[in-house]
Amino acid sequence: MFNNKGTTGIEQLGEFGLIDHLTKNIEIKQKGTIKSVGDDAAVLDFSGKKVLVSTDMLLEGIHFDLAYTPFKHLGYKAIQVNLSDVYAMNGTPAQVTVSIAVSSKFPLEAIEELYQGIYLACDKYNVDLVGGDTSASKQGLIISVTVLGYADEKDIVYRNTAQEGDLICVSGDLGGAYTGLQLLEREKLVYLENPQIQPDLEGKDYIIERQLKPEARKDIIELLKAWEVLPTAMIDVSDGLASEILHICTQSNKGCNLYEEKIPIDPMTYDTARDFNLDPTVCALSGGEDYELLFTIKQADYDKIKNHPDISIIGHITEAAAGRNLVTKSGMVHELKAQGWNAFKGPQTNTQGAE
Ligand SMILES: Nc1ncnc2c1ncn2[C@@H]1O[C@H](COP(=O)(O)OP(=O)(O)O)[C@@H](O)[C@H]1O
Ligand SMILES: Cc1ncc(C[n+]2csc(CCOP(=O)(O)OP(=O)(O)O)c2C)c(N)n1
Ligand SMILES: [Mg+2]
């Protein structure tokens, strides 16, 4: 599996030395970043815009497994999952804070790689790292990121504003991160049984990347803006399509019809799910970690988005009394259940679908 090896002990640097080592090369990108790392608080200027704040943490053993997660990917992902929340509000992320709790068993080189991933994501998405906190951990590694972003008030898209008749759209494809995780978990077990055997992930790059290196959909937000389509409601897909559409319906007090045949699933996801005896639709509905955008639009905007290969129209919003339904490929109607990924439940529960 992957090596996260190195030789330099963190204790040689100490807390302040480590912080300095990790942050000394920061170059500010945002004009709204007045004071970055180094004082009691960062100072930010949003010049009359509304400020968006969101936070998500990643815990070793719950959100990631270091047996198959390179530190650089982990840092990159920790930033992406946070940026995704700002895009889901139709905003622009501008700054992040990153807090880490690290066991002193980790070599400095591992933390450097983690920060390489963090800085790579920050550079690519034009975001400043402006602060954080560093602690020792006696348990596993914890990474907590807070993102700050901005938007004009008129552009902000909430979860609770979907209207009857709106079309339900999703970007990209779903279920890939989950099937990628199944592959990584399988290869980990093989490796543990026989460390001589090399992981067999040949030809599975796409879904492995979906799990280890997700990309927040900044491009979709830019497209919608260019086409002058303001979604009526939006959420990012972190816990699975079923859970997210139910959030929109519940908060908007509406129902929905989702069509199984319209749910975008990459062929590699489909085949891998089948290899694992999993229903590909269930992977899309309940797998999670796709970090795609799920949004509703007015029917009048249909012509503007209908030909885009990376946006699928998968259903429509109904009145609340009509219920929240999945129409299967065979035309059966099932009630959608909130079977999204849940950190408090075991893996068994997480593989159940809408049926
Ligand atoms: N421990 C907490 N204390 C206060 N608010 C929380 C806490 N955990 C989650 N929230 C809030 O609950 C809402 C839903 O959280 P979550 O399901 O994690 O959203 P997301 O999937 O966008 O990360 C968000 O507004 C979040 O800020
Ligand atoms: C070791 C390991 N276990 C489980 C998963 C699956 N997993 C981790 S986070 C997640 C969903 C999103 O996590 P959450 O903390 O609920 O994010 P939020 O909804 O708050 O954005 C899933 C499906 C994983 N990637 N790695
Ligand atoms: Mg969260």
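Residues numbered from 1 in each chain as written. Chains lettered and ligands numbered in written order. Predicted model: local features only at pLDDT ≥ 70, side-chain atom pairs only at ≥ 80, totals over all residues. Heavy atoms only, no water.

Caption draft 1: Seen up close, the site of ligand 2. The full set close to ligand 2 counts 14 residues, and D56, H63, S238, D239 and E289 are the nearest of them. Within the side chain of D56, an N or O atom sits 3.0 Å from an oxygen atom of ligand 2. Residue Q211 places a side-chain N or O atom 3.0 Å away from a nitrogen atom belonging to ligand 2. Expressed as a share of its isolated accessible area of 600 Å², the protein-covered part of ligand 2 is 81%. Split by residue class, the shell around ligand 2 holds six nonpolar, four polar and four charged. Viewed by domain, the shell around ligand 2 spans two of them, domain 1 (10–155) and domain 2 (167–350), each represented by three or more residues. (Near = heavy atom within 4 Å. Polar contact = N/O pair within 3.5 Å; in protein donor to acceptor, adjacent residues only side chain to side chain. Areas by Shrake-Rupley, 256 points an atom, 1.4 Å probe, with all protein chains shown as cover. Nonpolar A, V, L, I, M, F, W, Y, C, P; charged D, E, K, R; others polar. Domains from an automatic or database assignment.)

Caption draft 2: Representation of the UniProt feature "binding site: Mg(2+) 3" (unreviewed entry) in the protein chain. Under the UniProt annotation, "binding site: Mg(2+) 3" (unreviewed entry) lies at D40, D85 and D236. The annotated residues occupy 197 residues of the chain and do not converge on a single region, their most distant C-alpha atoms lying 32.4 Å apart. In the annotation above, D40 are the residues that line the second largest pocket. Looking at where D40 falls in the secondary structure, it is placed in the loop between β1 (33–35) and β2 (43–44). Here D40 falls in the exposed class, since its relative accessible area comes to 80%. Along the chain, the position of D236 falls in strand β8 (residues 233–236). Among residues more than four places away in sequence, those in contact with D236 are V81, S84, D85, A88, E244, Y291, E292 and L293. A polar contact of 2.7 Å, which involves the side chain of D236, links it to the side chain of S84. (UniProt positions renumbered as here; feature names shortened; annotations may be inferred. 1 Å grid on protein atoms, 1.4 Å probe; cavity = no way out; pocket = protein on both sides within 12 Å on 5 of 7 lines; lining within 4 Å. Helix = DSSP H or I, 4+ residues; strand = E, 2+ residues; numbered from the N terminus. Buried < 20%, exposed > 50% of the residue type's maximum accessible area, 1.4 Å probe, protein only. Contact = heavy atoms within 4.5 Å.)

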